[in-house]
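As a plain string of letters, each chain reads:
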Amino acid sequence: MKNIGLILGVALAVVAAAVPAFGTPYMMGVVFQVAMWIALAQSWSMLSATTGYLSLGHAVFYGVGAYVCVLLTGTIPFEWALLAGAVAAAVFAAIVGLPVLRVRGPYFVILTYGLSELVRHVVMRIESALGSFGRMIFDVPRTEVLMWWMVGLAVLATLGAYAIRHSRFGAGLAAIREDEVAAETVGVPVTRLKLFAFIASAIIPGAVGGLALLRTSYFEPAQAFDPVISFTIVTMALVGGTETVRGPILGALGFALLSELLWSSLPQLYMIVLGLTLIIFILFVPRGLSGLFGRLGRAG
Amino acid sequence: MDTLLSGQMLFAALVSGSLYALVALGLNLVYGTLRLLNIAHGDLVMIGAYTAFWMISLFAVPPIISLVVAAALCALLGWAVYVGLFRRMLAKPELAKRVEANSLILFYGISVILQNLAALAFTSTSRGYQYLDTVITWQGVSMTGNRLLTLGIAAAICFGTILFLRFHLFGWGLRAVIQRREAAQVVGVNLNRVQLLTICGGFAVAGVAGVLVSMTEQITPFMGFPFTIVAFVVIIIGGLGNIGAGVLAGFCLGLVETYGIALTSPGYRSILIYGLFVGVLLIRPEGIFTKAVRS
């Protein structure tokens, strides 16, 4: 039971491995989406679930990754462009991290949101000043290759989240969540730990943004930095449950399937369901699906 | 330079400043008394705007009457939120512990629902109507009737609220709750009543602001969020829970925005607003006009 997150991750990888063998491009697309949300939700949990600093601006890392990737594709192989996207997101996190992480509680939540929107508008301004209204990319890798990369990122994010939670580093982050002042008093280097967690949670979204860009082969800043991405990540993680590694996986699986059913035909209805589920889970199931299953497991 | 110093420019700044002050007033009252950062506040503006639009398009009811209808509608919503969600959240210790962050996410959910319900019901097409758009020229400054009305009503509500808080017994109780919630209860302020009436009042004010906006601008289901951000900027500059300074900050933002855009270009409006928002939060989350704030 303890390692169920890892088991789920491995199971997903196995399923993904089976898909290209007999799957349709549509199936590969679904796996790509599911893996993408798992990677994003796990990365988010590295900072927000461990420290309690709820980030409502993770779209900014996704967007930075996508932007760097679109600027570089064509000049270097896409693998290197993805890496550059991840590095750019991490560097961005390192630069803004110290001032942003001084702000606590609800202010941190709205600050991350505002920061993401600020970067979105700045990039939109830059792009329109350059006379570009969306960039097309040619020569994108095959869907199968992209799917493999995304599944790899999802596994990497899950392993990373697991490793952080079960390390000395993670214990320090948990201390910050419980009582930051007390943690600092007993010698936990809170500033450094928070900054590391912030950077760690930015890396994979940077690469994910690049991959998602290659899949759609079209870059438009309003979409790449869409606040709906941040909102979806938070909803998935909170609905899945933030106390365990399997939580974000459960949340991402559930919503990615729901989105397959509703997003293309009834996007507004999908958003309404997302909002309703979030409210219901915050009020009635604060420990999320993962907590719910845990309780059932113990009862049975 | 001439346009910058003209009365025309000042009038435009005052109109948008009064609207910002009004939208922020409601948010600030709700935050002060309930410690609730209502990220869905701008969506109430949207609801008010659609109320006015449908009232005039379907029943030919002028916006001046819709003001009352929108206020009542939003007040009702405030009551529902308070009784249905907020008390429930406080009743759970694990949620009450981090009530501010949790309520923020909760209200983000509400915001998403309201926006998309409106988009489903009314489609995403932007809409507008014409009302009092004749130009009045006074001392060389041209003003449309609807803008004049906006300025008048918004300023009246803002300053009326400040006077009410200063001179009415209920206003004293409200200020006491903002300053020290527990102490206010000890001296006999009915916390529950103050909170319920404040959330109804705060929501109603947002609805009124929405009616005013709809008289001069196009409305869409997603128009609310920029207002939420503007209101956050205003109350963070003024100091959370500091009502008077918030109104002042609203007018200041109107001036900064109008002249800032005049000096650069309208394309920079969002960058200016979000830049201020991030900058103010990073430098002084407790507000610029406040001396000190208790947690």
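Residues numbered from 1 in each chain as written. Chains lettered and ligands numbered in written order. Predicted model: local features only at pLDDT ≥ 70, side-chain atom pairs only at ≥ 80, totals over all residues. Heavy atoms only, no water.

A. Inspection of the confidence of the model for chain B at higher detail. In this model, chain B carries an average pLDDT of 85, and 93% of its residues clear a pLDDT of 70 or more. Of all the helices and strands in chain B, helix H1 (residues 2–5) of chain B carries the lowest mean pLDDT, 65, while helix H3 (residues 41–59) of chain B carries the highest, 93. (pLDDT = per-residue confidence, 0-100. Helix = DSSP H or I, 4+ residues; strand = E, 2+ residues; numbered from the N terminus.)

B. Representation of the interface of chain A and chain B in the model. Listed as interface residues are 35 residues of chain A and, on the opposing side, 43 residues of chain B. Of the roughly 3,600 Å² buried where chain A meets chain B, counting both sides, 79% is carbon and sulfur surface. Of all residues in chain A, Tyr107, Ile110 and Leu283 of chain A bury the most surface against chain B, accounting for 18% of the area lost on that side. Across the chain A-chain B interface, the total number found is 0 salt bridges. Linking chain A with chain B are 3 residue pairs in polar contact (both at pLDDT 80 or more), by the criterion used here. Looking at which element gives the most residues to the side of chain A that touches chain B, the answer is helix H5 (residues 105–129) of chain A, with 13 residues. Considering only residue class, the side of chain A that touches chain B consists of 27 nonpolar, 4 polar and 4 charged. (Contact = heavy atoms within 4.5 Å. Buried area = accessible area lost by both parts, 1.4 Å probe. Salt bridge = Lys/Arg side-chain N within 4 Å of Asp/Glu carboxyl O. Polar contact = N/O pair within 3.5 Å; in protein donor to acceptor, adjacent residues only side chain to side chain. Nonpolar A, V, L, I, M, F, W, Y, C, P; charged D, E, K, R; others polar.)

C. Fine view of the environment of glycine 152 of chain A. Residues and elements named next belong to chain A. As for its position among the elements, glycine 152 is in helix H6 (residues 143–165). Since its relative accessible area comes to 38%, glycine 152 is described here as partly exposed. In this structure, the C-alpha to C-alpha distance between glycine 152 and alanine 39, residues 113 residues apart in sequence, is 9.0 Å. (Buried < 20%, exposed > 50% of the residue type's maximum accessible area, 1.4 Å probe, protein only.)

D. Region of the structure containing the packing of helix H7 (residues 145–167) of chain B against helix H10 (residues 191–216) of chain B. All names here are of chain B. Running from N to C, H7 and H10 cross one another at 165°; their axes reach a closest spacing of 9 Å. When the axis of H7 is compared with that of H10, the two are roughly antiparallel. Remark: the crossing between H7 and H10 carries left-handed chirality. Between H7 and H10, the contacting residues are Asn146, Arg147, Leu149, Thr150, Ile153, Ala154 and Ile157 on the first element and Val205, Val208, Leu212, Met215 and Thr216 on the second. Looking at the contact of H7 with H10 residue by residue, the class counts come to 8 nonpolar, 3 polar and 1 charged. (Axes fitted to C-alpha atoms, helices over the stretch in contact; angles between N-to-C directions. Parallel < 35°, antiparallel > 145°, perpendicular 65-115°, else oblique. Left-handed = near helix turned anticlockwise from the far one by under 90°.)

E. Representation of helix H4 (residues 63–91) of chain B within the structure. Under the 1.5 Å per step criterion, the end-to-end length of H4 of chain B is 40 Å for 29 residues, consistent within 8% with the ideal 42 Å. At tyrosine 82 of chain B, H4 of chain B is bent by approximately 35°, the largest bend along its length. (Expected span 1.5 Å × (residues − 1). Bend = angle between axes of the 7 residues up to and from the residue.)

F. Molecular detail of the UniProt feature "transmembrane region" (unreviewed entry) in chain A. Residues and elements named next belong to chain A. This chain's UniProt record puts "transmembrane region" (unreviewed entry) on residues 59–76, 82–101, 145–164, 195–216, 228–249 and 269–289. In this annotation, residues 82–101 is assigned 100% helix and 0% strand; the end-to-end C-alpha distance for the span is 27 Å. For residues 195–216, helix accounts for 100% and strand for 0%, while the C-alpha atoms at its two ends are 32 Å apart. (UniProt positions renumbered as here; feature names shortened; annotations may be inferred.)

G. Up close: unusual backbone geometry. The backbone phi angle of serine 217 of chain A is positive, close to 50°, even though this residue is not glycine. Assignment of secondary structure puts serine 217 of chain A in the loop between helix H9 (190–216) and strand E2 (218–219). Assessed through its relative accessible area of 17%, serine 217 of chain A is described here as buried. Positive phi outside glycine occurs at threonine 123 of chain B, with the angle close to 60°.

H. Summary view of the pattern of salt bridges. Residue and element names in this part refer to chain A. Here the structure, examined in full by the defined rule, presents 8 salt bridges over all chains. A salt bridge links arginine 120 to glutamate 117; the shortest N-O distance between them is 3.0 Å. With arginine 120 and glutamate 117 both in helix H5 and 3 residues apart, this pair spans about one turn of that helix. Relative accessible area serves as the criterion here: at 4%, glutamate 117 is assigned to the buried category. Three or more residues are tied together by salt bridges with common partners; here these are Arg104, Glu180 and Lys194.

I. Spatial organisation of the pairing of strand E1 (residues 135–138) of chain B. All names here are of chain B. Where E1 and strand E2 (residues 141–144) come together, 4 bridges link them in antiparallel fashion. When the bridges of E2 are listed, threonine 137 appears paired with serine 142. The antiparallel hairpin formed by E1 and E2 contains 2 residues in its connecting segment, where glutamine 139 sits at a positive phi of about 55°. (Pairing = 2+ DSSP bridges.)

J. Up close: a nonpolar patch on the surface. There is a patch of nonpolar side chains on the surface, built from Ile76, Trp80, Leu83, Val87, Val91 and Ile95 of chain A and spanning about 580 Å² of accessible area. As for its placement among the helices and strands, isoleucine 95 of chain A is situated in helix H4 (residues 78–101). (Patch = residues over 30% accessible without salt bridge, like charges linked within 9 Å, V, L, I, M, F, W, Y side chains within 5 Å. Areas by Shrake-Rupley, 256 points an atom, 1.4 Å probe, with all protein chains shown as cover.)

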